Amino acid sequence: MLITLAFALQVAAALPETTQPTGPVGAEACVASAAPCLIAPGTRYRMIRQAGDKPLVVHVAEIDLATPGLAVRTTPPDRSAGLEYRAQTTSQYVARSGAVLAVNASYFLPFVGGSRGGNDFVPPAGGAAAASGAVLSGGALASPADDIDARVDGMACFGAGRAQIVPSQSCPDSFAEGVAAGPRLIAAGKVLPRPRLGPDGPFRGATRPAEPAPAVAAAAGAAAGGGPRTALGIDATGTKLWIVVADGRQPDWSMGLGHEALIDLFRKLGASDAISLDGGGSATMAARGPAGPLLLSRPIHTGVPGRERPVANHVGVFVDGISGRPDGVMSALAKRPVTQLKASLERIYTAQEARQGVAADASYFYAIVNTVIGKYARDTGKLVARWAGPRGGFIRHLNSCTIVRADLVCAHSNHPEVPHASSVEIWDSTTLAHKASISLGNRDEGSLTIVEPMTDGWLLGFANYSDETGVPFKGHDFSQLIAVDAEWRRREAWVIPPPIRARMAPQAASGGAIGPDGLLYLFGHTLPELYVLARPALGAELVHVATIALDAAGQAFAFDPSDLKRIFAIDRPTGTVRIFTLPDLGPLPADTRRFSRLSVTRIFGSDRDLD
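Predicted, not measured: the structure shown is a model, and the values here were computed from it.

### Quick notes on the packing of aromatic side chains
Considering all chains together, one arrives at 11 aromatic pairs under this definition. Ring geometry for Phe 111 and Phe 121: centres 5.6 Å apart, planes at 80°, overall edge-to-face. A residue pair is termed long-range when its members are at least 10 positions apart, and Phe 111 in the loop between β7 (108-109) and β8 (128-131) and Phe 121 in the loop between β7 and β8 qualify at 10 residues. Between Phe 557 and Phe 559, the aromatic rings sit 6.1 Å apart at their centres with planes inclined by 65°, giving edge-to-face as the arrangement. The exposure classification of Phe 557 matches that of Phe 559, with both residues buried. Grouped by ring-pair contacts, the aromatic residues Tyr 349, Phe 365, Tyr 376 and Phe 568 constitute a single cluster.

As structure tokens, this is what we get:
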């Protein structure tokens, strides 16, 4: 295998570099590229593939650290869950951070491998995690040095234009970023012996034995076969960095790379120093793509090919001027200016049901929580009626609602249960008597959060989630808006722009309505921001034209039918309904396309009496 791998490296090195523009063409062209391919300035990628009885696929990113504006950074800490980080996949890190390329980094705790293909892995996306060993981020310690994991015997350090691998968990003063890992593979051109491990082996909690027994050493040698690997190496000058991810545990794709083969690869690349990072189901390489992150490697989390593992932290490559949505031959929409505005707060009502959304007519507003609707007089703010579903009943999770004629029409789902199931529920707005239900069942699009009348039909918003309430392979990026006719048949659909999806993560759009200007207004889950979007002239991605800041960290909202420049919103943390006046958006691009919010004459495909 080593001979074949060396031959593959020589052939790849002999091919001319294909200079591609970054963005939709370049990043996509780099997927499974056997020839060196430019992902971003100073960042090249190629895939090395070996066929046969033991297939092998290795992903190699070559980073020129001397490139102006290029930097290598580690994940900043996020202690909001109680530990050093909130776990996220490599793709999520790329989407949120603006990195042009990233890989998983530290070994981490807690760790429960989970069942095959299951959702019982710990930590889940968004869950608390702590790195094993020191991590330096922005010049400060994100994680302290420790000896919890026996594999950790060095630290990769990154500074301005250079990198260094040291035999400790402390970077020199001139380095602002670093991650401890191991074992070290090569030091100053010399291959290092593989460290012996104690009876706990290379897994979490492993400790170094004072004098390893022969049986333990034999077990370590037996475990030296191929597998998924992540590692990095540098040249003698410290100005060239190689990041390597080997796919593994996939007999039809790649069995993986053993310890000696990994060392041999780095020596062929020209590395003077090299060190392993966390591998196994964590091993992942992702890059910035045209509409979000692209997986370059094929991870094997919980035994499922292509499934990513939420991990504690990452090593990312950043280039000045490149972040968020890529620039490229098809990114004209990304260059549109996004107007930043602020809404004016007029009035605050107290409503204990104001935890999910609010609807409004000329005389009343309706505050919504999962299984309860409260009807309040607009003039006094007094509760006048309430509908409450029984605990454990058919109504589980009401989301946004809207007034259509004399009906209160609401989006409903079984969130956080999976698989997702959704329905449209209708109440008489006068009496709050439940009138009818339309079951949408288990929709592949996700969990229903928005139902809005639109041109002889409805605009439906479906959410997917990247936390423990989601389903495998369908995180928040899979959320979308779908236009259906009066018979609930799909007509059109659109996706939310990636920068907005990234801000909503790990949730999705929880409230939305078509404004009097024909533009779509969306709320996320918690951020006090209202996003204004237009229909695209081409393609399936909505066009972001404005963001309106407002003092309401809620979900669903409603336009005031008596003054369409005014909205009712909720502030979920305080359980209040708030009225805002929206600012003028100003001139919009000439090609802005709008939605049509017409009064529907048929809610259920006929004019039958709903009673």
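That was the structure; now back to the text.
### Overview of the state of the cysteines
Taken as a whole and judged by the stated rule, the model has two disulfides. Here Cys 401 is linked by a disulfide to Cys 410, with a sulfur-sulfur distance of 2.0 Å. Disulfide Cys 401 to Cys 410: torsion about the S-S bond roughly 110°, handedness right-handed. By relative accessible area, which is 4% here, Cys 401 ends up buried.

### Digging into the sheet that holds strand β34 (residues 480-485)
Spatial ordering of the open sheet is given by β32-β33-β34-β35, a layout of four strands whose pairing is antiparallel. Each of the sheet's edge strands pairs with one partner strand only, and the pair in question is β32 (447-454) and β35 (490-495). Adjacent strand axes in the sheet meet at a mean angle of 20° when their direction is disregarded. Pairing of β34 with β35 involves five bridges; the strand directions are antiparallel.

### Thoughts on the nonpolar core
Among the nonpolar cores identified, the biggest contains 47 residues, and Leu 101, Leu 232, Leu 241, Ile 243 and Met 285 are the most heavily contacted of them. If near-sequence neighbours (up to four positions away) are discounted, Met 285 is found in contact with Tyr 45, His 59, Ala 61, Leu 101, Ala 102, Val 103, Ile 243, Val 245, Leu 294, Leu 295, Leu 296 and Ser 297. If you look at the next biggest cluster of nonpolar residues, it comprises 21 residues, including Phe 523, Val 543, Ile 548 and Ala 552.

### Digging into the pairing of strand β6 (residues 101-104)
Remember that side chains alternate between the two faces of the sheet whenever the strand is regular. Across three bridges, β6 lies against strand β19 (residues 285-289) in antiparallel orientation. Considered in β19, the bridge of Val 103 is made with Met 285. As paired strands, β6 and strand β21 (residues 314-319) are joined by four bridges and run antiparallel to one another. Bridge pairing in β21 places Leu 101 opposite Val 317.

### What about unusual backbone geometry?
Residue Pro 110 is reached from Leu 109 by a cis peptide bond, and omega for that bond is -5°. Considering the arrangement of structural elements, one finds Pro 110 in the loop between β7 and β8. Backbone geometry at Thr 302 places phi at a positive 50°, although glycine is not the residue there. Among the secondary structure elements, Thr 302 is positioned in the loop between β20 (292-295) and β21. The residue Asp 456 is not glycine, and still its phi comes out positive at about 60°.

### Some words on the pattern of salt bridges
Taken as a whole and assessed by the stated rule, the structure comprises 19 salt bridges. The shortest N-O distance in the salt bridge between Glu 346 and Arg 566 comes to 3.1 Å. Of this pair, Glu 346 sits in strand β23 (residues 344-350) while Arg 566 sits in strand β41 (residues 563-571), placing them 220 residues apart in sequence. The partly exposed category is assigned to Glu 346, whose relative accessible area is 43%. A salt bridge links Arg 490 to Glu 445; the shortest N-O distance between them is 3.2 Å. With Arg 490 in strand β35 and Glu 445 in the loop between β31 (434-441) and β32, the pair connects residues that are 45 residues apart, well separated along the chain. Relative accessible area serves as the criterion here: at 48%, Arg 490 is assigned to the partly exposed category.

### Comments concerning the environment of Thr 380
Tracing the sequence through the fold places Thr 380 in the loop between β26 (372-377) and β27 (383-388). In this structure, the C-alpha to C-alpha distance between Thr 380 and Tyr 364, residues 16 residues apart in sequence, is 9.8 Å. A distance of 3.2 Å separates a polar side-chain atom of Thr 380 from the backbone nitrogen of Lys 382.

### Let's talk about the sheet that holds strand β24 (residues 357-360)
In space, the four strands of this open sheet follow the order β24-β25-β26-β27, with antiparallel pairing throughout. The outermost strands of the open sheet, each flanked by one partner alone, are β24 and β27. Here the average twist between neighbouring strands, direction ignored, is 20°.

### Focus on the confidence of the model for the protein chain
On average, residues of the protein chain carry a pLDDT of 85, and 85% of them reach 70 or more. Counting interchain partners and residues more than four positions distant, the pLDDT-below-50 stretch residues 10-26 has 36 contacts. When the criterion is pLDDT under 50, residues 599-611 qualifies, and its contacts beyond four places in sequence or with other chains add up to 29 contacts.

### A word on helix α5 (residues 259-269)
Counting buried positions along α5 yields eight of 11 residues, so the element is predominantly enclosed. Along α5, the residues classified as buried are His 259, Ala 261, Leu 262, Ile 263, Asp 264, Leu 265, Phe 266 and Leu 269. One or two residues past the end of α5 sits Gly 270, with phi positive at roughly 110°.

### Considering the pairing of strand β42 (residues 576-581)
Across the six residues of β42, five count as buried, placing the element largely inside the fold. By the bridge criterion, six bridges tie β23 to β42 in an arrangement that is antiparallel. In the strand pairing of β42, Arg 347 is matched with Ile 579. If you look at the hairpin formed by β41 and β42, you'll find four residues sitting between the two strands, and Gly 575 has a positive phi there, around 65°.

Conventions and cut-offs
Residues numbered from 1 in each chain as written. Predicted model: local features only at pLDDT ≥ 70, side-chain atom pairs only at ≥ 80, totals over all residues. Heavy atoms only, no water. Phe/Tyr/Trp six-rings, centres within 6.5 Å; stacked < 30°, edge-to-face > 60°. Helix = DSSP H or I, 4+ residues; strand = E, 2+ residues; numbered from the N terminus. Buried < 20%, exposed > 50% of the residue type's maximum accessible area, 1.4 Å probe, protein only. Disulfide = S-S within 2.5 Å. Pairing = 2+ DSSP bridges. Axes fitted to C-alpha atoms, helices over the stretch in contact; angles between N-to-C directions. Core = buried A, V, L, I, M, F, W, Y, C linked by side-chain atoms within 4.5 Å. Contact = heavy atoms within 4.5 Å. Salt bridge = Lys/Arg side-chain N within 4 Å of Asp/Glu carboxyl O. Polar contact = N/O pair within 3.5 Å; in protein donor to acceptor, adjacent residues only side chain to side chain. pLDDT = per-residue confidence, 0-100.

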